[in-house]
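Read off the chains here:
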Amino acid sequence: MAPPTDNSTAESAFYKGSSSSKKLHDLVLRLHKLTMDHSLMLHVIHVSGTRMISQGTDGCSRGVLME
């Protein structure tokens, strides 16, 4: 099995409601609080790196806007 990528890890943490990473855990809590405070439904999904590369958005996710 491949190691988790940054967005699959974030997706998993969001749906579990926690993470062992303090920064990610704090982000998960903030997102859940926003959904409760504003009656939002947030869908967090994993997009594979190969799909992002093929559609040309991988560079944007890494701060490279001219890729």
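Structure first, text after, so check above.
Residues numbered from 1 in each chain as written. Predicted model: local features only at pLDDT ≥ 70, side-chain atom pairs only at ≥ 80, totals over all residues. Heavy atoms only, no water.

1. A word on helix H2 (residues 22-37)
Move 1: Compared with an ideal rise of 1.5 Å per residue, which puts 16 residues at 22 Å, H2 spans 22 Å between its outermost C-alpha atoms and is within 8% of the ideal.
Move 2: Inspection of H2 places Leu-24, Val-28 and Thr-35 among the buried residues, and these make up the whole buried set. Burial along H2 is one-sided: seen end-on, the buried residues are contained in an arc of 40°. Projecting away from the buried face of H2 at angles above 90 degrees are the exposed residues Lys-22, Lys-23, Arg-30 and Met-36.
Move 3: Phi turns positive, to about 50°, at Ser-39, one or two residues after H2. (Helix = DSSP H or I, 4+ residues; strand = E, 2+ residues; numbered from the N terminus. Expected span 1.5 Å × (residues − 1). Buried < 20%, exposed > 50% of the residue type's maximum accessible area, 1.4 Å probe, protein only. Arc of directions from axis to C-beta.)

2. A short note on the pattern of salt bridges
Here the idea is simple: oppositely charged side chains can pair when their charged atoms come close.
Move 1: Under the criterion given, the structure shown has 2 salt bridges.
Move 2: Here Asp-26 makes a salt bridge to Lys-22, at a shortest N to O gap of 2.9 Å. In this pair, Asp-26 and Lys-22 both sit in helix H2, 4 residues apart, roughly one turn of the helix. (Salt bridge = Lys/Arg side-chain N within 4 Å of Asp/Glu carboxyl O.)

3. Here's the deal with the packing of aromatic side chains
Move 1: Applying the stated rule across the entire model yields 1 aromatic pair.
Move 2: Centre to centre, the rings of Phe-14 and Tyr-15 are 5.1 Å apart; their planes meet at 85°, and the pair counts as edge-to-face.
Move 3: Its relative accessible area of 48% is what places Tyr-15 among the partly exposed residues. (Phe/Tyr/Trp six-rings, centres within 6.5 Å; stacked < 30°, edge-to-face > 60°.)

These results come straight from atomic positions and should not be treated as a statement about function.
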